[in-house]
Amino acid sequence: MGKITKNTSYNLSHGFFLTGFLLLSLIFFTVSLASILFLFGISINLLTFAIACILAFISTYFVALKFLSSNQITIITAFIASILIFSFSLFINSATMETTWDGNWYHKTAIGMLKNGWNPTRESAVEFYDSVKNPIKTPRKKEQKFTYENHYTKGIWIFSANIYKLTNNIETSHSVNLLIMFMVFCLLAYLLLFKLSPLAAVLTSAITVFNPVVAPQLFVNYNDGLLGLFTIANIVSLILIVSQKDKKSFKLGFILFFMTTTLLINVKFTGLMFFFFYSAAFFVYMLASPQLRSLVVKKFILIGFMATIFAIFIVGFSPYISNPKNGLHPLHPLAGSGKIDIMTKNSPKEFIQDKRPLAPFIKSIFGKMNNFSYDSPEKVELKIPFTFFESEFIHLKAVDPRISGNGIFFSGIFLLSLAIIIIYIAKNYRTKSTEFHILLCILIPSTLILLIFKEMWWARYFPHLSVILTLAMYILSRQKGEIFSTLFYGIFFIGLINNCLLLGPNLENGKKIAELSTCGDISQKNEIFYRLAGDNFYGTLFNILDCRQSNPTKFKLSKMSKKFDKNKFQNIYLVPGYLEVFYEK
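Residues numbered from 1 in each chain as written. Predicted model: local features only at pLDDT ≥ 70, side-chain atom pairs only at ≥ 80, totals over all residues. Heavy atoms only, no water.

Colleague: Before we move on, can you summarise the state of the cysteines with the specific residues and values?
Modeller: Inspection of the entire model under this criterion finds one disulfide. Each sulfur in the disulfide pair Cys519 and Cys547 lies 2.0 Å from the other. Around the S-S axis, the bridge from Cys519 to Cys547 shows a dihedral of about -65 degrees and counts as left-handed. One end of the pair, Cys519, is in the loop between helix H21 (482-516) and strand E1 (527-532); the other, Cys547, is in helix H22 (residues 541-547), with 28 residues separating them in the sequence. In this structure Cys519 comes out as partly exposed when scored by relative accessible area, which is 32%. Relative accessible area serves as the criterion here: at 11%, Cys547 is assigned to the buried category. Looking at Cys53, it has no disulfide partner, and the nearest cysteine sulfur is the one in Cys186, 17 Å off. (Disulfide = S-S within 2.5 Å. Helix = DSSP H or I, 4+ residues; strand = E, 2+ residues; numbered from the N terminus. Buried < 20%, exposed > 50% of the residue type's maximum accessible area, 1.4 Å probe, protein only.)

Colleague: A description of the environment of Leu557 should follow, citing residues and the corresponding values.
Modeller: If you trace the backbone, Leu557 turns up in strand E2 (residues 556-559). The exposure class of Leu557 is buried, given its relative accessible area of 6%. Sequence separation of Leu557 and Gly103 is 454 residues, and the distance between their C-alpha atoms is 22 Å. With sequence-adjacent residues up to four places away left out, Leu557 is seen in contact with Ile136, Lys137, Thr138, Ile528, Tyr530 and Ile544. (Contact = heavy atoms within 4.5 Å.)

Colleague: So what about a positive patch on the surface? Which residues, and what values?
Modeller: On the surface, Lys66, Lys247, Lys251 and Lys299 cluster together to form a positively charged patch. With respect to the secondary-structure elements, Lys247 resides in helix H11 (residues 247-264). Residue classification places Lys247 among the exposed residues on the basis of a relative accessible area of 69%. (Patch = residues over 30% accessible without salt bridge, like charges linked within 9 Å, V, L, I, M, F, W, Y side chains within 5 Å. Areas by Shrake-Rupley, 256 points an atom, 1.4 Å probe, with all protein chains shown as cover. Salt bridge = Lys/Arg side-chain N within 4 Å of Asp/Glu carboxyl O. Lys, Arg positive; Asp, Glu negative; His and termini not counted. Charge placed at Lys NZ, Arg CZ, Asp CG, Glu CD.)

Colleague: Please set out the pattern of salt bridges residue by residue, giving values where relevant.
Modeller: Summed over the entire model, instances satisfying the criterion amount to 18 salt bridges. A salt bridge links Asp224 to Lys268; its shortest N-O distance comes to 2.6 Å. With a gap of 44 residues between them, Asp224 in helix H10 (residues 224-243) and Lys268 in the loop between H11 and helix H12 (269-288) connect regions that are remote in the sequence. With its nearest N and O atoms 3.8 Å apart, the salt bridge here joins Lys568 to Glu584.

Colleague: Report on H11, specifying residues and quantitative values.
Modeller: Counted at 1.5 Å a residue, the expected span for H11 with its 18 residues is 26 Å, and the 25 Å between its end C-alpha atoms agrees. Across the 18 residues that make up H11, a large majority, 13, are buried. (Expected span 1.5 Å × (residues − 1).)

Colleague: Quick rundown of the nonpolar core? Include the residues and the values.
Modeller: Counting 186 residues, the largest nonpolar core has Phe17, Ile180, Phe282 and Ile544 as the members making the most contacts within it. Broken down by element, the residue count for this core peaks at 15 residues, all from helix H8 (residues 176-192). Residue contacts for Phe282: discarding those within four places in its chain leaves Ile235, Leu238, Ile239, Val242, Ile438, Cys441 and Ile442. By size, the runner-up hydrophobic cluster in this structure holds five residues, among which are Met369, Leu396, Ile408 and Leu502. (Core = buried A, V, L, I, M, F, W, Y, C linked by side-chain atoms within 4.5 Å.)

Colleague: Lay out the pairing of E1 with the relevant residues and their values.
Modeller: As a general feature of sheets, a regular strand has side chains that alternate between the two faces. By the bridge criterion, four bridges tie E1 to E2 in an arrangement that is parallel. The residue of E2 that forms the bridge with Tyr530 is Lys559. Tracing the backbone out of E1, into H22 and back to the parallel element E2 gives a crossover that is right-handed. Both E1 and strand E4 (residues 579-584) contribute to a ladder of four bridges, which runs antiparallel. Bridge pairing links Arg531 to Glu580 in E4. (Pairing = 2+ DSSP bridges. Right-handed = clockwise from strand over helix to strand, strands pointing away.)

Colleague: Can you tell me about the packing of helix H9 (residues 198-209) against helix H20 (residues 467-477), naming the residues and giving the values?
Modeller: Two elements in contact, H9 and H20, have axes whose closest approach is 9 Å; the angle formed by their N-to-C orientations is 165 degrees. Considering the angle they form, H9 stands roughly antiparallel to H20. Read as a crossing pair, H9 and H20 show a hand that is right-handed. For the pair H9 and H20, the contacting residues are Ala200, Leu203, Thr204, Ile207 and Thr208 in the first and Thr470, Met473 and Ser477 in the second. Split by residue class, the contact of H9 with H20 holds four nonpolar, four polar and no charged. (Axes fitted to C-alpha atoms, helices over the stretch in contact; angles between N-to-C directions. Parallel < 35°, antiparallel > 145°, perpendicular 65-115°, else oblique. Left-handed = near helix turned anticlockwise from the far one by under 90°. Nonpolar A, V, L, I, M, F, W, Y, C, P; charged D, E, K, R; others polar.)

Colleague: I'd like to hear about a nonpolar patch on the surface, residue by residue, with values.
Modeller: Taken together, the side chains of Leu302, Phe305, Met306, Ile309 and Phe313 make up a nonpolar region of the molecular surface, amounting to roughly 490 Å² of accessible area. Its relative accessible area of 43% is what places Phe313 among the partly exposed residues.

Colleague: Provide a residue-level description of the packing of helix H3 (residues 72-94) against H8, including the pertinent values.
Modeller: Following both chains from N to C, one finds H3 and H8 inclined at 145 degrees, their axes separated by 8 Å at the closest point. In terms of crossing hand, the pair formed by H3 and H8 is right-handed. Here H3 contributes Ile85, Phe86, Phe88, Ser89, Ile92 and Asn93 to the contact with H8, which in turn contributes Leu178, Leu179 and Phe182. Partitioned by chemical class, the residues of the contact of H3 with H8 number seven nonpolar, two polar and no charged.

What follows is the structure, given as structure tokens:
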């Protein structure tokens, strides 16, 4: 699939790794430093973010010289590429707005409070909100306990809050999605370039990271796509460890493993489960291989233990440690006493009633795209792969559709990819190659997760299912022949169309809301009134603060009564659909 000189490929490979590593280091050091300082009573501040940036550049430069022996041009190019990616992510996200219920609810609230001084290791979200430190001077309802803000993992929120601190625009907080997508793309491309041509490596990496869960969530604060991306990055680190390409890759694999494990466990609670299953599978392979058993096992146990301790006790102190300290399950509110059932009402009734482990997953993959839940009388309608119906297109604007959540055409390319993988296994099951064992280390835990956890039918809860396409494209790109090349490009382009259909409506919706949004004369008024679409959307009130950057003096913020003099007040839609603001004319 195209020829390129060895030296050019060498520099390209290093360039990809260094770019990805710099972006990963930026996120890792930002989250880690902030988490450590939380324990000492220091809240998020720009100095910490600046130090994290410096550490990211220094560590990347060290890796470039120590482990890769990269030339200066490659290093500088990677630095410039990383800066451009960071700048582009901020710019494009500043031109869109959060459109989702959850994003304008607890995601924005948590990010806004963290940016403005909330230290989750020292106080609850309620205590901060009611304190003088909170710049939002408006009463909360007594029943509003900020449960998710208090008890969910905060890794991504911490980084997003640092971005918000930098820009004073809460809408740039979801730029983390593009950053992490590019980061994982670069690291995966580096790995694949060991075996594939540059074109094949780039296309395979692109369709892996720009997947059906990431695409619709690129410009919102949902973190399901990020969970999938960090799971893929963690798998990349495990492959580098066991593939033993050379001593440098082996060491780089362990560095990546520590960093990605720390972040994966702190994206969502599910990250802890994904980390355990895939690490366990690769660990069994290490034990089974005499060479790996002598070279890797002890280091893997040590570094895995250190990464887990750091991820849970330092970065994840809130909630993994703070929850038990307060008499709650470490995974509260998803487990233990006081558990909140978030699945029953969100699931189609037939999925709750069907006790067969894989039935909901199969129906979700091969059904017509839809987004109904428990109270709906609708039933899942199965369809022939690669077909589509007009009724499906209205659901493309959802960031988390329940039925066919991986896209209109995904069932077809999923089935094709699965067939390619099965044929490969049938032909190579007697082999002792590293590639075959790595394939099993990905497929076996993935299958176990689907069998054990019934909730994985929802695309957003198993956000790295696209690795099936990755494996199929890798197998095809290693074969010679026009039919294999045709299948490779077929999976790529159909997958690209499928994912663009999910991205398009959501990006357009975000841009339209941003265009409708206006600050009006908020910055000039001493008293501002607001009306929320629901009592949960406290996070949107930080948009009011953003509008007052030019006049940060104290002002009075009050809830607008149902009856008011329309001739006396000017109203604007600051966050259309969620927050309406009023002030005297």
